[in-house]
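These are the residues of each chain, in order.
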Amino acid sequence: MKNKYLYIQTFGCQMNVHDSEQMAALLSGNGYKLTDNMKMADLIILNTCSIREKAAQKVYSQLGRIGKLKEQNRELIIGVGGCLAQQLGTKFHKKVGHLDFVFGTHNIHLLPQMVLAIEKKRKKITEIDFHKSLNSIGVYVPPPADAISAFVTIMQGCNNFCAYCVVPYLRGREISRPSDDIIEEVKKLAGNGIREVTLLGQNVNSYGKIFDNGLNFTSLIKRIGKISGIERIRFTTSHPRDLSVELINCFAEEEKLCKHIHLPVQSGSNRILELMNRGYTVEDYIKKIDHLRKLTPGISITSDVIVGFPGETQKDYQETIDMMGKIRFDSLFSFKYSEREGTAAQKLKEKVEEGEKLRRLEQLQILQDQHTLEKNTSLEGSRQELLVEGKSRNSESDLMGRTSSWKIVNFKGELDMIGKLVDVKISKAYLHSLRGKIANN
Ligand code: SAH
Ligand code: SF4
Ligand code: F3S
């Protein structure tokens, strides 16, 4: 059988990254091998995102380029999956004439049959139904031989309906995956050389809420902690409202749980947080951060902020800046508010002007860079345990690893250290990475 090549491009979050891995795993059963050269591909899939307008625009411009490839090769099959595909459904075919198939976030498991049907007979397919089953998130991805780290999806959907956000409409209702399935998957990954797992869900803190057996996110972490071979556990994303005392304690109790939490705050103004439907105040948030830092000194805290949410005044914005000064995040992802179809915030009248949003964003990012550098600099001279991920991107002769707190460290080391835990002493801090030296025991 002739080799067939698959090119997948992923837009959006880590959940989409993992969904793409699952797509590739499923399509290997149809005889497709992954390529990173789009021109070589027989099948191109864009796994799309719609979180902000800019994310959607990126997808359209890439589809424009792909259209030219299709003009040269009529056999080329083109599909779109993910959140923008879920949102547009059949409208995607009308918008972009050269698409063969459109599939939504609950339909990854249907990929093999969709592609087979198109290979047999050209036709336009759309699969965007939501399913109560978890067919789509449980697909096992055999890790590549040199992989150290893997994603494991533990839940699907989101019930939070934050006023600005499309995700609940595009990923459906929150459902937790049975813990035995998760444990089995992690054991299998460990057996295949994986040392670090990142547990994925839109709101992992509410894992297990639907179960009546008392099992929750913390007990899941503890069960995973017992699996031999797994050295590190991470998770993303957690919602501040649902961050329990039990989970805060878990950072101190479970050695394998990495000392990093991504806890999106979104705003430093209680008025805006309420309009956003976030369900906590700035004071609640700071209290949880203080508790985390008290029990787990050195824990790194990262977050997301939106500027220019409808009705955000200069005063509200200043409160976000003040909060950043109090908390001092290790790093921060910040975004200009982007209006999304069908969300509650779309109906709010007082829109912030585009230029003003940009001004607020730029000022906030300058401040965050100062905080990030300050946090990194405070690690100079400290000893850190790294999980060595591979060669450094900066220099052929260096290796790169991450601290438990998610910081990148470049250092001189031997190739056989890749995949292992090593101790380094931090010699120099930069904005985006640290420099280290192997520490003698
Ligand atoms: N479930 C996760 C991730 C959501 S998307 C969570 O709740 O944290 C990642 C980030 O995108 C959000 O935290 C938010 O800061 C940002 N975001 C979501 N919708 C947005 C919008 N309409 N405009 C601008 N930023 C948005
Ligand atoms: Fe969106 Fe809020 Fe759900 Fe996160 S928790 S995905 S921001 S609705
Ligand atoms: Fe984007 Fe969907 Fe993730 S909208 S951020 S790909 S959940």
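Located above this text is the structure these notes cover.
Here is a short report on the structure shown in this document. Keep in mind that this is a model prediction, so the values were computed, not measured. (Residues numbered from 1 in each chain as written. Chains lettered and ligands numbered in written order. Predicted model: local features only at pLDDT ≥ 70, side-chain atom pairs only at ≥ 80, totals over all residues. Heavy atoms only, no water.)

Looking now at the nonpolar core. In this structure, Val 197, Leu 199, Phe 217 and Phe 235 are the most contacted members of the largest nonpolar core, which totals 67 residues. Split by domain, the residues of this core number at least three in each of domain 2 (142–258) and domain 3 (260–378). Excluding residues within four positions of it along the chain, Val 197 makes contact with Ala 150, Val 152, Val 186, Leu 189, Ile 224, Ile 230, Arg 232, Ile 233 and Arg 234. One finds Ala 41, Ile 44, Leu 88 and Phe 92 within the second-largest nonpolar core, a separate group that totals 23 residues. (Core = buried A, V, L, I, M, F, W, Y, C linked by side-chain atoms within 4.5 Å. Buried < 20%, exposed > 50% of the residue type's maximum accessible area, 1.4 Å probe, protein only. Domains from an automatic or database assignment. Contact = heavy atoms within 4.5 Å.)

Before going further, it helps to spend a moment on the site of ligand 1. In the region of ligand 1, 14 residues are neighbours, and Tyr 164, Gln 202, Gln 266, Asp 304 and Ser 338 sit closest. Residue Tyr 164 places a main-chain N or O atom 3.0 Å away from a nitrogen atom belonging to ligand 1. In this structure, an oxygen atom belonging to ligand 1 sits 2.7 Å away from a side-chain N or O atom of Gln 266. Protein chains bury 89% of the 540 Å² of accessible surface belonging to ligand 1 in isolation. Only strand E13 (300–307) and strand E14 (331–336) provide two or more residues apiece to the shell around ligand 1. Residues from two domains meet in the shell around ligand 1; each of domain 2 (142–258) and domain 3 (260–378) gives at least three. (Near = heavy atom within 4 Å. Polar contact = N/O pair within 3.5 Å; in protein donor to acceptor, adjacent residues only side chain to side chain. Areas by Shrake-Rupley, 256 points an atom, 1.4 Å probe, with all protein chains shown as cover. Helix = DSSP H or I, 4+ residues; strand = E, 2+ residues; numbered from the N terminus.)

Examined against the element boundaries, Lys 391 turns out to sit in strand E15 (residues 383–391). On the basis of relative accessible area, Lys 391 is assigned to the partly exposed category, the value being 45%. What Lys 391 contacts, discounting residues up to four positions off in sequence, is Glu 396, Asp 398, Leu 399, Met 400, Leu 415 and Ile 418.

Here the focus is the packing of aromatic side chains. In total, this model carries nine aromatic pairs according to the counting rule given. On the numbers, 5.7 Å between centres and 25 degrees between planes, the contact of Phe 101 with Phe 103 is stacked. Considered together, Phe 101 and Phe 103 belong to a single accessibility category, that of buried residues. One residue, Arg 52, lies across the ring of Phe 335, its end atom 3.7 Å from the ring centre. Cation over ring: Arg 402 sits above Trp 406, and NZ or CZ is 3.8 Å from the ring centre. (Phe/Tyr/Trp six-rings, centres within 6.5 Å; stacked < 30°, edge-to-face > 60°. Lys NZ or Arg CZ within 6 Å of the ring centre and 35° of its normal.)

It is worth spelling out unusual backbone geometry at this point. For the bond running from Thr 236 to Thr 237, omega is 0 degrees, close enough to zero to count as cis. Examined against the element boundaries, Thr 237 turns out to sit in the loop between strand E11 (232–236) and helix H9 (245–253). Positive phi outside glycine occurs at Gln 266, with the angle close to 75 degrees. If you trace the backbone, Gln 266 turns up in the loop between strand E12 (260–262) and helix H10 (270–275). Given a relative accessible area of 6%, Gln 266 falls into the buried group.

So, on to the sheet that holds strand E2 (residues 32–34). Strand pairing in a sheet relies on backbone hydrogen bonds. The paired strands run either parallel or antiparallel. What the six strands build is an open sheet, ordered E2-E1-E3-E4-E5-E6; its pairing is parallel. Two strands close off the open sheet at either side, each with one partner strand: E2 and strand E6 (125–127). When the angles between neighbouring strand axes are averaged without regard to direction, this sheet yields 20 degrees. As paired elements, strand E3 (residues 43–48) and strand E4 (residues 77–81) share five bridges and run parallel to each other. Across the sheet, Ile 44 pairs through a bridge with Ile 78, a residue of E4. Across the sheet, helix H2 (residues 53–72) touches strand E1 (4–10), E3 and E4, and the angle it forms with E3 is around 175 degrees. (Pairing = 2+ DSSP bridges. Axes fitted to C-alpha atoms, helices over the stretch in contact; angles between N-to-C directions.)

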